[in-house]
Amino acid sequence: MAHRDTIFSAPIEKLGDFTFDERVAEVFPDMIQRSVPGYSNIISAIGMLAERFVKPNTTVYDLGCSLGAATLSMRRHIQHEGCKIIAVDNSPAMVERCRLHVSAYRSDTDVEVIEADIRHVDIDNASVVVLNFTLQFLAPQDRQALLEKIYRGLRPGGILILSEKYVFDNDVAHELLIDLHHDFKRANGYSELEISQKRSAIENVMRPDSIAVHKERLGEIGFSSVEVWFQCFNFGSMFAIK
Ligand SMILES: C[S@@+](CC[C@H](N)C(=O)[O-])C[C@H]1O[C@@H](n2cnc3c(N)ncnc32)[C@H](O)[C@@H]1O
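Residues numbered from 1 in each chain as written. Predicted model: local features only at pLDDT ≥ 70, side-chain atom pairs only at ≥ 80, totals over all residues. Heavy atoms only, no water.

Peer 1: Explain the packing of helix H1 (residues 22-35) against helix H6 (residues 171-187) residue by residue, including any values.
Peer 2: Where H1 contacts H6, the two axes come as close as 8 Å, and the packing angle between them is 130 degrees. Taken as axis vectors, H1 and H6 run oblique relative to one another. Each of Gln33, Arg34 and Ser35 in H1 lies in contact with H6, whose residues at this interface are His181, Phe184 and Lys185. Its residues assigned to classes, the contact of H1 with H6 shows 1 nonpolar, 3 polar and 2 charged. (Axes fitted to C-alpha atoms, helices over the stretch in contact; angles between N-to-C directions. Helix = DSSP H or I, 4+ residues; strand = E, 2+ residues; numbered from the N terminus. Parallel < 35°, antiparallel > 145°, perpendicular 65-115°, else oblique. Contact = heavy atoms within 4.5 Å. Nonpolar A, V, L, I, M, F, W, Y, C, P; charged D, E, K, R; others polar.)

Right, dumping it as structure tokens:
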């Protein structure tokens, strides 16, 4: 049974920046499920995309893996021999729990869980790279270099799956989609206090881009097919094929 996220349920006098610490790792499955519209659909579809794009003797990367939900979904779908999944996160609490989740089930596909900054890991011989709600936590000036490194490390025909929260240039649309997201959180049992305290804690550390910015940057880097394949309110997922 997942622990319920009550981190922001009582008034917090000094609201610091949101971090992926032990308290967050403990409640993370509940937090992300109740906060990100479409999360479980995206996790399932990442497995389906991996089934199509993973090639024998290649490496699959899950960057900012948290507890390994995308890794486990992909591992269930990989049929080929000689494949390995490298799951990376720089939160010790996430990595520790991710290793437990990964080792709970046996599989022919190896998974290596690495505690590291995704800006400093090598990407090589990749058929699939996943950034599932991770890029938005990187400083904006570091995003281009990471995506260029992923492009270089992907084999021709390889795929990047990039899920993010989005901002919208049109103010009316932007506010409406934020309101709908907050309705989604209310419907999932979060109080007004929880919604507003979480919003304040996360706004300094999570800086989303617009769909147009993502598409332009991925296109400039050289990806040939860049499409949004899922969107619910201000959250969505793209693929970019090399
Ligand atoms: C919203 S969570 C990702 C959720 C996860 N991909 C999933 O599908 O369940 C963002 C994760 O990215 C990690 N992260 C953020 N910046 C990072 C960096 N520079 N290097 C490695 N991990 C990072 C955080 O520790 C956190 O676990």
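Peer 1: Explain empty space enclosed by the protein to me, and be specific about the residues and the numbers.
Peer 2: Any empty space left between atoms is shown by rolling a water-sized probe over those atoms. If you walk through the whole model with that rule in mind, you get 1 cavity of 30 Å³ or more. Estimates place the volume of the largest cavity at around 40 Å³. Of the residues that constitute the lining of the largest cavity, the class distribution is 2 nonpolar, 1 polar and 4 charged. (1 Å grid on protein atoms, 1.4 Å probe; cavity = no way out; pocket = protein on both sides within 12 Å on 5 of 7 lines; lining within 4 Å. Points joined across faces, edges and corners; volume = space filled by probe spheres on them.)

Peer 1: Tell me about the sheet that holds strand S2 (residues 84-89), and please be specific about residues and values.
Peer 2: Strands sit in the order S3-S2-S1-S4-S5-S7-S6 across an open sheet of 7 strands; the sheet is mixed. Whereas interior strands pair on both sides, the edge strands pair on one side only; in this sheet they are strand S3 (110-115) and strand S6 (225-232). Direction aside, neighbouring strands of the sheet carry axes that sit 15 degrees apart on average. Bridging between strand S4 (residues 126-132) and strand S5 (residues 154-165) involves 6 bridges; their strand directions are parallel. Residue pairing for S5: valine 128 is matched across the bridge by isoleucine 159. Of the strands in this sheet, S2 and S3 touch helix H4 (residues 92-103), which is tilted by about 165 degrees from S3. Strands in contact with helix H8 (residues 211-221) are S5, S6 and strand S7 (235-241); relative to S6, the strand with the most contacts, it is inclined by about 155 degrees. (Pairing = 2+ DSSP bridges.)

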